[in-house]
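Here is how the chains run, residue by residue.
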Amino acid sequence: NPVSHKSLLGLIIALTCIGLVVVGSASVVAADRDFGNKWFYLRQQFVWAGLGTVGMLIASRFPLKHIKRYTGPLLLVTVAGLLLVLIPGIGLKLLGARRWINLGFFSFQPAELAKLTLIIYFAKLFEHSSKFSAFLTIAGAFTFLVMLEPDMGTSLVIIGI
């Protein structure tokens, strides 16, 4: 039995709420100490959860054939971003790592886009090929680029994907 859209939406909402409760309870002391406001981190998470919900609603309106059509260009943009962070002057070096690109009004972390890109690309690839070597090659290339930043946590997530 396939999972209904309503069930999936309910699970997403439940997991988001649980995550907000965990962040809120785990960060009260640190937020009060660092910012004088015990709800500082919880408020930020609410904002991001709201933006994520809006993003999810927008993305759910895109027909799947359009998403599939842009998989190749999205993969190229992601690889370009992962390479750009390694270039001094473009990639911001913070605490010994180059993970961010400063776009002026905000900073962008291409490794975060890489997670989404891989999921979309692998879904399309799985429709046409079940060769494990194709998946390993792409995942290995992305993992290598992310490890050059270095970012072990994101590398492990990519391997998990």
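It should be emphasised that the depicted structure is a prediction, and the values quoted were computed from it without experimental measurement.

A. Layout of the packing of helix α5 (residues 110-128) against helix α7 (residues 152-160). It is the contact of α5 with α7, at a shortest axis distance of 10 Å, that shows an interaxial angle of 5°. With respect to each other, α5 and α7 are oriented roughly parallel. Seen from α5, the contacting residues are A111, E112, A114, K115 and L118; seen from α7, they are T154, V157 and I158. For the contact of α5 with α7, the per-class residue count stands at five nonpolar, one polar and two charged.

B. Up close: the pattern of salt bridges. What the rule picks out here adds up to three salt bridges. Taking the shortest distance from any N to any O, the salt bridge between K68 and E127 comes out at 2.7 Å. With a gap of 59 residues between them, K68 in helix α3 (residues 64-69) and E127 in helix α5 connect regions that are remote in the sequence. On the basis of relative accessibility, which here comes to 47%, the residue E127 falls in the partly exposed class. We note a salt bridge from K115 to E112, for which the minimum N-O separation is 3.1 Å. With K115 and E112 both in helix α5, this residue pair falls three residues apart, about one helical turn. Residue classification places E112 among the partly exposed residues on the basis of a relative accessible area of 39%.

C. Expanded view of the pairing of strand β1 (residues 91-94). Relative to strand β2 (residues 97-102), β1 is paired through four bridges, and the arrangement is antiparallel. Bridge pairing in β2 links G91 to I101. Linking β1 to β2, which pair antiparallel, is a turn of two residues; within it L95 sits at a positive phi near 55°.

D. Highlighting the confidence of the model for the protein. Looking at the protein as a whole, the pLDDT averages 88, with 98% of positions reaching at least 70. Within the protein, no element has a lower average pLDDT than β1, which sits at 81, and none a higher one than helix α4 (residues 71-84), at 93.

E. Region of the structure containing the environment of V54. Turning to its location among the elements, V54 is positioned in helix α2 (residues 40-60). Remark: the alpha-carbon pair of V54 and A139, spanning 85 residues in sequence, is separated by 29 Å.

F. Examining the environment of Q109 more closely. Here Q109 is to be found in the loop between β3 (107-108) and α5. When residues no more than four places from it in sequence are discounted, the contact partners of Q109 are R99, W100 and D151.

G. Structural view of the packing of helix α1 (residues 5-35) against α2. Running from N to C, α1 and α2 cross one another at 155°; their axes reach a closest spacing of 6 Å. With respect to their mutual orientation, α1 and α2 come out roughly antiparallel. By crossing handedness, the relation of α1 to α2 is classed as right-handed. Contact residues: α1 offers L9, I12, T16, L20, V23, G24, S27, A30, A31, D34 and F35, while α2 offers F40, Y41, L42, Q45, F46, A49 and M56. Classifying every residue of the contact of α1 with α2 gives 13 nonpolar, four polar and one charged.

Scoring rules and cut-offs
Residues numbered from 1 in each chain as written. Predicted model: local features only at pLDDT ≥ 70, side-chain atom pairs only at ≥ 80, totals over all residues. Heavy atoms only, no water. Axes fitted to C-alpha atoms, helices over the stretch in contact; angles between N-to-C directions. Helix = DSSP H or I, 4+ residues; strand = E, 2+ residues; numbered from the N terminus. Parallel < 35°, antiparallel > 145°, perpendicular 65-115°, else oblique. Contact = heavy atoms within 4.5 Å. Nonpolar A, V, L, I, M, F, W, Y, C, P; charged D, E, K, R; others polar. Salt bridge = Lys/Arg side-chain N within 4 Å of Asp/Glu carboxyl O. Buried < 20%, exposed > 50% of the residue type's maximum accessible area, 1.4 Å probe, protein only. Pairing = 2+ DSSP bridges. pLDDT = per-residue confidence, 0-100. Left-handed = near helix turned anticlockwise from the far one by under 90°.

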